[in-house]
Amino acid sequence: QVQLVESGGGLVQAGGSLRLSCAGSGRTFSNYGMGWFRQAPGKEREFVAEISWSGGSTYYADSVKGRFTISRDNAKNTVYLQMNSLKPEDTAVYYCAARRGPRNVLPQKYDYWGQGTQVTVSS
């Protein structure tokens, strides 16, 4: 069992930056691959980025590649999403999720989810 709690969301102007954190509970946190997803009003939840259990492998959606960076600190049971050059279209609720399987961009392949944190980018 893994419990996840996101933080770091907020309101930022276009071009600005935010860093999201996802704190996990449990001694087995480092056994899980981790992903960030987002969901805007009226839209489906979409993949943003994911990182392997060791942190050695990352993967990004094309829409955020070059602007967002995912990282993790297993000693702190925490995953981060550094978001730079934010755009109004990045506005959404951001969720972190944990998976036991191999790399995947599908939400249904993730086993545990946080409650989400709102990110709003003004133009």
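Our subject is the structure listed above.
First, a word on what this report is: a plain description of the structure on this page. (Residues numbered from 1 in each chain as written. Predicted model: local features only at pLDDT ≥ 70, side-chain atom pairs only at ≥ 80, totals over all residues. Heavy atoms only, no water.)

**Some details on the side chain of Glu6**
Part 1 of the argument: By the secondary structure assignment, Glu6 is in strand β1 (residues 4-7).
Part 2 of the argument: No salt bridge forms around the buried Glu6; measuring N to O, its nearest opposite-charge neighbour Arg45 is 7.5 Å away.
Part 3 of the argument: Of note is the side chain of Glu6, whose polar atom sits 3.0 Å from the backbone nitrogen of Gln115.
Part 4 of the argument: Of note is the side chain of Glu6, whose polar atom sits 2.9 Å from the backbone nitrogen of Gly116. (Helix = DSSP H or I, 4+ residues; strand = E, 2+ residues; numbered from the N terminus. Buried < 20%, exposed > 50% of the residue type's maximum accessible area, 1.4 Å probe, protein only. Lys, Arg positive; Asp, Glu negative; His and termini not counted. Salt bridge = Lys/Arg side-chain N within 4 Å of Asp/Glu carboxyl O. Polar contact = N/O pair within 3.5 Å; in protein donor to acceptor, adjacent residues only side chain to side chain.)

**Section: the side chain of Glu50**
Part 1 of the argument: Along the polypeptide, Glu50 turns up in strand β5 (residues 46-51).
Part 2 of the argument: Relative accessible area serves as the criterion here: at 1%, Glu50 is assigned to the buried category.
Part 3 of the argument: When sequence neighbours within four positions are dropped, the list of residues in contact with Glu50 reads Met34, Gly35, Ser57, Thr58, Tyr59, Ile70, Arg99, Arg103, Asn104 and Tyr110. (Contact = heavy atoms within 4.5 Å.)

**Topic: a nonpolar patch on the surface**
Part 1 of the argument: A cluster of nonpolar side chains, namely Tyr59, Val105 and Leu106, defines an oily patch on the protein surface of about 230 Å² accessible area.
Part 2 of the argument: Residue placement: Tyr59 occurs in strand β6 (residues 58-60).
Part 3 of the argument: Tyr59 gets classed as partly exposed once you look at its relative accessible area, which sits at 36%. (Patch = residues over 30% accessible without salt bridge, like charges linked within 9 Å, V, L, I, M, F, W, Y side chains within 5 Å. Areas by Shrake-Rupley, 256 points an atom, 1.4 Å probe, with all protein chains shown as cover.)

**Focus on the environment of Asn104**
Part 1 of the argument: Relative to the elements of secondary structure, Asn104 occurs in the loop between β9 (92-99) and β10 (112-113).
Part 2 of the argument: Taking C-alpha positions, Asn104 is 8.6 Å from Gly35, a pair spaced 69 residues apart along the chain.
Part 3 of the argument: Excluding residues within four positions of it along the chain, Asn104 makes contact with Phe47, Glu50, Arg99, Lys109 and Tyr110.
Part 4 of the argument: For Asn104, the side chain forms a polar contact with the main-chain nitrogen of Leu106, separated by 2.9 Å.

**Considerations on the pairing of β1**
Part 1 of the argument: Taking every second residue as pointing to the same face, the buried face of β1 carries Leu4 and Glu6, while none of Val5 and Ser7 on the other face is buried.
Part 2 of the argument: Sheet topology note: the β1/strand β3 (residues 18-24) ladder contains four bridges and is antiparallel. Note on β3: the bridge partner recorded for Val5 is Ala23. (Pairing = 2+ DSSP bridges.)

**Notes on the pattern of salt bridges**
Part 1 of the argument: The tally for this structure, following the rule as stated, stands at seven salt bridges.
Part 2 of the argument: The residue Glu50 makes a salt bridge to Arg99 at a minimum N-O spacing of 2.0 Å. Placement of the pair is Glu50 in strand β5 and Arg99 in strand β9, with a sequence separation of 49 residues. Per residue, the accessibility class of Glu50 equals that of Arg99, and both read buried.
Part 3 of the argument: Note that Arg67 is salt-bridged to Asp90, the shortest N-O span being 2.8 Å. Here Arg67 is found in the loop between β6 and β7 (68-73), whereas its partner Asp90 is found in the loop between β8 (78-83) and β9, with 23 residues between them in sequence. Like Asp90, Arg67 is buried.
Part 4 of the argument: Within the structure, one salt-bridge network assembled from shared partners comprises Arg38, Glu46, Arg67 and Asp90.

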